[in-house]
Amino acid sequence: MILTRNRLGLFRFVLYGHAVLVMAFLLLPIIFIALLSFGSSRWMMFPPPEWTLRWYEELATDPRWAEAMWLSLRLALIVTVLSVLLGGAAAFALVRGRFAGRRVLKAFFVAPMIVPVVIVAIALYAFSLKVGLNGTFAGFVAGHLIIAVPFSVICISNSLRGFDPALEQAAAICGAGRLETLRRVTIPSIAPGLLAAAVFSFLASWDEVVVSIFMASPQLQTLPVRMWTSLRSDLTPVIAAASTLLVLASLILMALLGLSATRAGRSKMQ
Amino acid sequence: MKMDTPLPAVRLMDLHKRYGDFAAVDGVSLDVRKGEFLTFLGSSGSGKTTTLNMIAGFDDPTSGQILLNGGAVTGLPPQKRNIGMVFQRYTLFPHMTVAENVGFPLSVRRLSKDEVNSRVLDALRLVQLDRFAGRRPSQLSGGQQQRVALARALVYEPQLLLMDEPLGALDKKLREEIQIEIRKLHHRLGVTILYVTHDQEEALRMSDRIAVFEHGRIVQVGSGEDLYHCPATAFVAGFIGNSNFLRGSVAERRSDAAIVKLGENSAVCVPVDAVGGVGSEVRIMIRPEEIKLSHALSDAAGAVIPVTVRERIFLGDTISYEVATRDGQSVLVREDRARNQGRCVGPGTDAYMHIAINQNRVYKKY
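This is a predicted model, so every value here is computed, not measured.

Undergrad: When you look at the environment of Trp-206 of chain A in this model, what are you seeing that I'm missing?
TA: All names here are of chain A. By the secondary structure assignment, Trp-206 is in helix α10 (residues 191–206). For Trp-206, a count of 23 C-beta atoms within 10 Å puts it in the buried group. In this structure, the C-alpha to C-alpha distance between Trp-206 and Leu-220, residues 14 residues apart in sequence, is 15 Å. Setting aside residues no more than four positions away along its own chain, Trp-206 makes contact with Ser-72, Ala-76, Leu-246 and Ala-249.

Structural data, given as structure tokens:
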């Protein structure tokens, strides 16, 4: 290696400083919001004059916030299940299938990650107005699926590509039928990919704002939409509390994923 | 059917497999006896693995029939054929322990836990890996993994065991060790084994009979000795053992023999049935160890061809020569050191090569 730490001399302190600045840039806003959510000032003064949990209390008791959280959670869970099922089926076709237009189809499945979200949202809005999906739970599910499925397709395709189909032949010759082979051999072998697909799908729905804003009605608002609307009408520290909860949920899921990845890595090392 | 002829374990009847215009398997018919160790030998693309896959049920034949113990299995999925198989690649299930892998076919058959455990242990003892029952496949060496795969293929006592180049990924020493182990298991269990390899030495070492594949067909079936001594075609002769081919053309046909000219100055007599018309090409196959070199013409039966010795290599128990005929064909000769003693045919000297022409080794074309 050319750029070893020892050869850098004093310049390495410049690099350390740079790294610290980048981290601060990424983390400070989140830490700032988390601190504010525990501050007693209604106008979010910093530093907070006193510490309190009342904004969390309000978040839990105000029915508008509680409903929004409950909706976001239900939505994210259903989107997760559907995304893994649909994305998994698509991944099998893309990895195992030998048909014309396979590459085009693959690009098509990943397209929602590349097309600007606002365009997806507008298109979906126009379409759902026509078919009456607008402002319905099903409309939310459909909209979030478009965002989530590409994650599933990519994660599950990757782990399927690393799975030797000869293992399925071995299971078959051992006497296992198709379903038993799928259940006992294929799915456990691609479990890390399935878990990653589930986590990313959940987060894609849980954090989603743009599509949700178009899809929302006054009665049906996800947590990010609720935050967005209340940010415009009444600036309250409850938003900070909600943000902190969102971040916490994401952190827990990413930690889970990291844990399973290191475990999978360790069992491969042995 | 007569009562005293037992049903063949496997009967292949005019098996074909086509991919578009390409015939991967082009009319294979074969009976495999119960308890036999039969090897499919051929280079890659010769149709041996495709044939094995059709027996396993992974591929459907385009036409033809496969009978296992007299019953047609064409169209039956692999899981209903009750066949054991060891693959070329390591196909242990990575998320299961060794014991769970070996127990998999038993749990699929819904055997009780106790029975599964005791039979798994027996199978692992068979391949001397019972100490590794709790390990993951990734913690085993390649040779150990293939032995576990062998235990998994034998644990449900299938009547037929298919092996698709199972030792291809292992180094030479380990390969020979496991070859002997498989051979012993075969004697002990009496299971019918169909073994695929491209390694002629492996085929000779292990098999009761060998079926040589070329271009999707079986060109010859027989014991290793049959194939070595009486190869049906020049291809078989070249594939099994070391061989020399002398090129020549038919100069004269008489009622009892034909004269084949090898270049300008030498000619040999061959059986007339083995060659075509005057002027046609002929190949004569001679094993290196069947050639005698000497400085003097002897009156032994057979043909004598003058040669020049190009190289002499001392190999301990044998001495190997490379000699050239007058028309420049290179021939490999191997002599026992004991037989050779006292005589020294050095490089650069002229000598005579004494050969016995065997009717079975004269081919009209390569």
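After that view, the rundown keeps rolling.
Undergrad: What is the right way to read the domain arrangement of chain B from this model?
TA: Where interface size is quoted, it is often the accessible area lost as the parts come together. All names here are of chain B. Partitioning chain B into domains gives domain 1 (10–239) and domain 2 (244–363). Between the C-alpha centres of domain 1 and domain 2 the distance comes to 40 Å. Taken together, the contacts link four residues of domain 1 with six residues of domain 2. Residues belonging to the side of domain 1 that touches domain 2 are distributed by class as follows: three nonpolar, one polar and no charged.

Undergrad: Would you explain the packing of helix α4 (residues 63–96) of chain A against α10 of chain A in this entry?
TA: Each packed pair of helices is defined by two parameters, the angle between the axes and the distance between the axes. All names here are of chain A. Closest axis-to-axis distance for the α4/α10 pair is 8 Å, and the angle between their directions is 140°. Looking at the two axes, α4 sits oblique to α10. The chirality of how α4 crosses α10 is right-handed. When α4 is examined against α10, the residues Ser-72, Leu-75, Ala-76, Val-79, Thr-80, Ser-83, Val-84 and Gly-87 are found in contact with a partner set consisting of Leu-194, Ala-197, Ala-198, Ser-201, Phe-202, Ser-205 and Trp-206. Each residue belonging to the contact of α4 with α10 can be placed in one class, and the counts come to nine nonpolar, six polar and no charged.

Undergrad: Which parts of the structure should I look at to understand the nonpolar core?
TA: When a protein is soluble and globular, its nonpolar side chains tend to lie buried together. Grouped together as the largest cluster of nonpolar side chains are 103 residues, with contacts concentrated most on Val-102, Ala-151, Leu-162, Leu-194, Val-212 and Met-353 of chain B. Beyond its immediate stretch of four places on either side in the chain, Ala-151 of chain B contacts Val-102, Ala-123, Leu-124, Leu-126, Val-127 and Leu-129 of chain B. Grouped together as the second largest cluster of nonpolar side chains are 45 residues, Val-79, Ala-121, Met-215 and Ala-240 of chain A included.

Undergrad: How should I be thinking about the environment of Arg-287 of chain B in this particular structure?
TA: All names here are of chain B. Tracing the backbone through its elements, the reader meets Arg-287 in the loop between β14 (281–286) and β15 (292–294). For the pair Arg-287 and Phe-245, spaced 42 residues apart in the sequence, the C-alpha separation amounts to 8.9 Å. In contact with Arg-287, other than residues within four places in its own chain, are Gly-241, Asn-242 and Ser-243.

Undergrad: Got a minute to help me understand unusual backbone geometry in this structure?
TA: Keep in mind that most residues, glycine aside, have a negative phi and that most peptide bonds are trans. All names here are of chain B. Phi angles above zero are rare outside glycine, and Asn-82 is one such case at about 55°. Here Asn-82 is to be found in the loop between β5 (71–72) and β6 (83–86). One non-glycine residue, Gln-128, lies in the positive phi region at around 55°. Along the chain, the position of Gln-128 falls in the loop between α3 (113–126) and α4 (142–154).

What counts, and where the lines are drawn
- Within each chain, residue numbers correspond to sequence positions counted from 1 in written order.
- Chain labels run from A onward and ligand labels from 1 onward, assigned in the order the entries are written.
- Selection of residues for local features in this predicted model requires a pLDDT of at least 70, selection of side-chain atom pairs for listing and counting requires 80 or more, and totals for whole chains, interfaces and linings are taken over all residues.
- The helix count covers DSSP runs of H or I at least four residues long, the strand count covers runs of E at least two residues long, and both are numbered beginning at the N terminus.
- To sort residues by exposure, count the other C-beta atoms lying within 10 Å of each residue's C-beta; 20 or more gives buried, 12 or fewer gives exposed, and values between give partly exposed, all with C-beta atoms placed from the backbone.
- By the convention adopted here, residues make contact when the C-beta atoms placed from their backbones lie within 7 Å.
- Here the bounds of each domain stem from an automatic or database domain assignment.
- Amino acid classes used here: Ala, Val, Leu, Ile, Met, Phe, Trp, Tyr, Cys and Pro are nonpolar; Asp, Glu, Lys and Arg are charged; the rest, including Gly, are polar.
- Angles run from 0 to 180 degrees between N-to-C directions of axes, and those axes are lines fitted to C-alpha atoms, restricted for helices to the stretch in contact.
- Angles are sorted into four bins: roughly parallel if under 35 degrees, roughly antiparallel if over 145, roughly perpendicular if 65 to 115, and oblique for all others.
- We call a crossing left-handed when the near helix sits turned anticlockwise from the far one by less than a right angle, and right-handed when that turn is clockwise.
- Nonpolar core, as used here: buried Ala, Val, Leu, Ile, Met, Phe, Trp, Tyr and Cys residues forming one set through C-beta atoms within 7 Å.

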